[in-house]
Every structure is written in C-alpha cells, then in structure tokens.
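# Inside the fold
Listed below, chain by chain, are the residues.
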Amino acid sequence: EFSTRMSFQYSVLVDLISKNEFELYLYYICSYEEYLKSQIFDRIKDHFSEGSILSEIENRHLESSIGNIDDAIKKAIPTGSLKTLVKDICKELGDKLVISQDALGAFMVLNNADQKQFAHWLTVSVKDMAGALRAEIQDRPFETKLKHLHVKPHIELFNRVIGCGHQCPFCSVPCDAGGKAHTEHFASLHRPQGLGEHRWAGTEQLMTDICSSLVVSGKTFCCNTTKDEWHLYKNYKETYPNWDIRPDVSLEASDYWKYVMAMYNNEFAAAYMAKPADIPPSWKNITKEQAKESLKVSFNVK
C-alpha cells in the first residue's frame, strides 16, 4: 500500500468509495494533505493495535535499554571515588543512553559510600524503574506515544506518498509524479471540474467537464492566470507549460469521479453554495463496481 505513491492513491480512493460518505469525499477534495495525514495515522494505529505488536516492540526496546545499563554497571570497576565510578558507567553507556550531568549531582553527596553496595542498589533501582516504566507505557495512549517519537512514522510515510504537492490548474487533482525531481506534472485520474468548485458564470451550476476530455475539444477557459482572456483548452500548455494533461480517449478512466459527482451532485452544490450540475444520463448508470474497475485502469492495477 505504501510502496509507491500510485499504489497509495489507489488504496485511498478504493477506501473512499467503500465507505460511501459524502463528508469524506469533501474532506479529501478540499483538504487533500490533511486527509492523507489522517488516513496514514489511522492505518498505523490500526496496524499496531492488532494483537500485541506495539507492546512487543516497546518491551524489546525497554529490555535493551535496561540491559545496557546493567552491563555498564557490571563493567564499571569500583576503584577510586563514587564520582569516578559513575563517570565510568556513563562512559560505558556511550551514546546508547545519554545521562544529563545535572541528574548526576543529586547523589554525588554519597561520594564516600561503599561503591560495591552502591552498584548493587543501583541495579535494584534500575529493575524497579523498568517495572514502573513498563506500567506507564502500557497506560499511555497511542497518540501520545507517536507524538514523542523522534522520527514520526506517519510523517515519514506522508512525505513518501505526497509527491510534489502541485495540483491540476483545472480540477485540482494532485500530481502523480513522486518527489520533486520532475519537470512536468501529470495525473492519472482527472475529475469533473465541479468537484473543485468550478461553476458556469451564467447559471452558477457546477461544471461536469473533465480536463482530459476538454484538452481535445474546442472549448475555452479563462482565469486569473490568463488575465480573464479566453483560451482554448487544447492550447493549455501556453498557459500551464509544466502540466501534461493526457487525453482520456476511452472516457472510462474517469468513471470513478463521474460516479461520485452523480451520486453526490446535490451535496456538493450545497457545500460549494452553487446549483447542482446537469448530470449526463450515462453517468447515472455507472455502478460502484464499474467505478472501482475504472480505478484499476487508471492506476494500472492487475
């Protein structure tokens, strides 16, 4: 699912159509990055909530840390002062466990204490600490555990699948090219422009036109980028040279978003404070299964 950006996008869209909730589609379209972050976070939480996976990882990490401390205490030779002994213990731990020098000051008043006895009770205290930490970890909410990690797995996965962040200038669908090292943006699955809040100026109705079909038509567009002058969609590269909007010859690849717009036409209109689109009759006949199959075509899923 997270192996490539395309496979992740496919899984997200399949999940959306399976849940069939308008609010989720609106969230995905209007707050794309936030939606992806929430989905990735939920997937991580679900995965580590299965059985005792997370507990096993935490326990291994805790046991490893406690083992390092015990080994450091055993290797430290009780000669000289207590201060020297403590420094030897810290040196043995090295970068495995960094101990603040401020924390050492509290028991330096015991400088004349028996070092062997000190090492013994330090070992006992470490075991007690391990038990207390284990109990604390078990009671800590998953969200808190994730928040305190140095490397945030949901952010790492998000950066892997988010791509470059650019969106189609017409329908706002995100670019499918991964990373930043590409000079041309493209998307496998364009959607009706009405889903991106575009409407006809005269009627205020949501638009049903799809970019991949418009670029081979004789229709025109105007926007702030064109300084409100009309331009042919087929000449879009004159305005947006960094985008490659591939013509949808079969018209089947867009069945997914046609199905979504036909299903939630009134809801999108209300959310965007527009009038419902004139949905083509053929869109109303697209089934959920056909919409899913169109995703496989778009993302080349076998």
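Small disclaimer: the values here were computed from a predicted structure and weren't measured. (Residues numbered from 1 in each chain as written. Predicted model: local features only at pLDDT ≥ 70, side-chain atom pairs only at ≥ 80, totals over all residues. Heavy atoms only, no water.)

Let's shift gears to the overall build of the chain. When you go through the chain residue by residue, the secondary structure sums to 14 helices and two strands. For the chain, whose C-alpha radius of gyration is 29 Å, the value lies well above the compact-globule estimate of 19 Å for 302 residues. Projected onto its principal axes, the C-alpha positions of the chain cover 90 × 40 × 40 Å. When the accessible surface of the chain is totalled, it reaches about 17,300 Å², and 53% of it is carbon and sulfur. Charge-centre separation for the chain: the mean point of 35 positive side chains lies 3 Å from the mean point of 40 negative side chains. (Helix = DSSP H or I, 4+ residues; strand = E, 2+ residues; numbered from the N terminus. Rg over C-alpha atoms; globule rule 2.2 N^0.38 Å. Areas by Shrake-Rupley, 256 points an atom, 1.4 Å probe, with all protein chains shown as cover. Lys, Arg positive; Asp, Glu negative; His and termini not counted. Charge placed at Lys NZ, Arg CZ, Asp CG, Glu CD.)

Grouped together as the largest cluster of nonpolar side chains are 44 residues, with contacts concentrated most on Y28, Y256, W257 and F268. Residues contacting F268, with those up to four places away along its chain left out, are F22, Y25, L26, I29, L195, L206 and V260. Membership of the second largest hydrophobic core comes to 19 residues, among which are C164, C171, C211 and Y236. (Core = buried A, V, L, I, M, F, W, Y, C linked by side-chain atoms within 4.5 Å. Buried < 20%, exposed > 50% of the residue type's maximum accessible area, 1.4 Å probe, protein only. Contact = heavy atoms within 4.5 Å.)

Okay, unusual backbone geometry next. The backbone phi angle of E197 is positive, close to 80 degrees, even though this residue is not glycine. Position of E197 among the secondary structure elements: in the loop between α9 (153–161) and α10 (211–214). Among the residues examined, E197 registers a relative accessible area of 40% and is labelled partly exposed. A positive phi angle, near 65 degrees, is found at E204, a position not held by glycine. Mapped onto the elements of the fold, E204 is located in the loop between α9 and α10.

By the definition in use, this model includes 12 salt bridges. Two residues, E1 and R43, come together in a salt bridge whose shortest N-O distance is 2.3 Å. Taken together, the positions of E1 in the segment before α1 (5–19) and R43 in helix α3 (residues 32–49) put the pair 42 residues apart, joining distant regions of the chain. One salt bridge connects K237 with E184, and the closest N-O pair in it is separated by 2.9 Å. In this pair, K237 sits in the loop between β2 (231–232) and α11 (255–263) while E184 sits in the loop between α9 and α10, placing the two residues 53 residues apart along the sequence. Taking the relative accessible area as the measure of exposure, K237 reaches 33% and is therefore partly exposed. (Salt bridge = Lys/Arg side-chain N within 4 Å of Asp/Glu carboxyl O.)

Attention now moves to the side chain of T208. Following the sequence through the fold, T208 ends up in the loop between α9 and α10. Among residues more than four places away in sequence, those in contact with T208 are P192, M261, A277, D278, I279, P280 and W283.

With seven of nine residues buried, α11 lies mostly within the body of the structure. Among the residues of α11, those classed as buried are D255, Y256, W257, K258, Y259, V260 and M261. Contacts made by the buried residues of α11 are with α1, α2 (22–30), α12 (265–271), α13 (281–284) and α14 (288–298).

So, on to the packing of helix α4 (residues 53–75) against helix α7 (residues 115–139). Following both chains from N to C, one finds α4 and α7 inclined at 170 degrees, their axes separated by 10 Å at the closest point. In terms of orientation, α4 and α7 fall into the roughly antiparallel class. Mapping the contact onto sequence places E58, N59, L62, E63, I66, I69, D70 and I73 in α4 and A119, L122, T123, V126, M129, A130, L133, R134 and I137 in α7. Of the residues in the contact of α4 with α7, the class split is 11 nonpolar, two polar and four charged. (Axes fitted to C-alpha atoms, helices over the stretch in contact; angles between N-to-C directions. Parallel < 35°, antiparallel > 145°, perpendicular 65-115°, else oblique. Nonpolar A, V, L, I, M, F, W, Y, C, P; charged D, E, K, R; others polar.)

As a general rule, the predicted coordinates of low-pLDDT regions are not to be interpreted in detail. The predicted model of the chain has a mean per-residue pLDDT of 86, with 94% of residues at 70 or higher. Least confident of the elements in the chain is helix α6 (residues 101–104), whose mean pLDDT is 71; most confident is α12, at 96. (pLDDT = per-residue confidence, 0-100.)

Summed over all chains, the structure comprises 18 aromatic pairs. Ring centres of F2 and F8 lie 5.2 Å apart, and the angle between their planes is 25 degrees; on these two criteria the pair is classed as stacked. On the basis of relative accessible area, F8 is assigned to the buried category, the value being 0%. Ring geometry for Y27 and Y35: centres 5.2 Å apart, planes at 85 degrees, overall edge-to-face. When its relative accessible area of 1% is taken as the criterion, Y35 is described as buried. One aromatic cluster is present, formed by F22, Y25, Y27, Y28, Y32, Y35, Y256, W257, Y264, F268 and Y272 through successive ring pairs. Over the aromatic face of W257 sits the side chain of R191, whose NZ or CZ is 5.2 Å from the ring centroid. (Phe/Tyr/Trp six-rings, centres within 6.5 Å; stacked < 30°, edge-to-face > 60°. Lys NZ or Arg CZ within 6 Å of the ring centre and 35° of its normal.)

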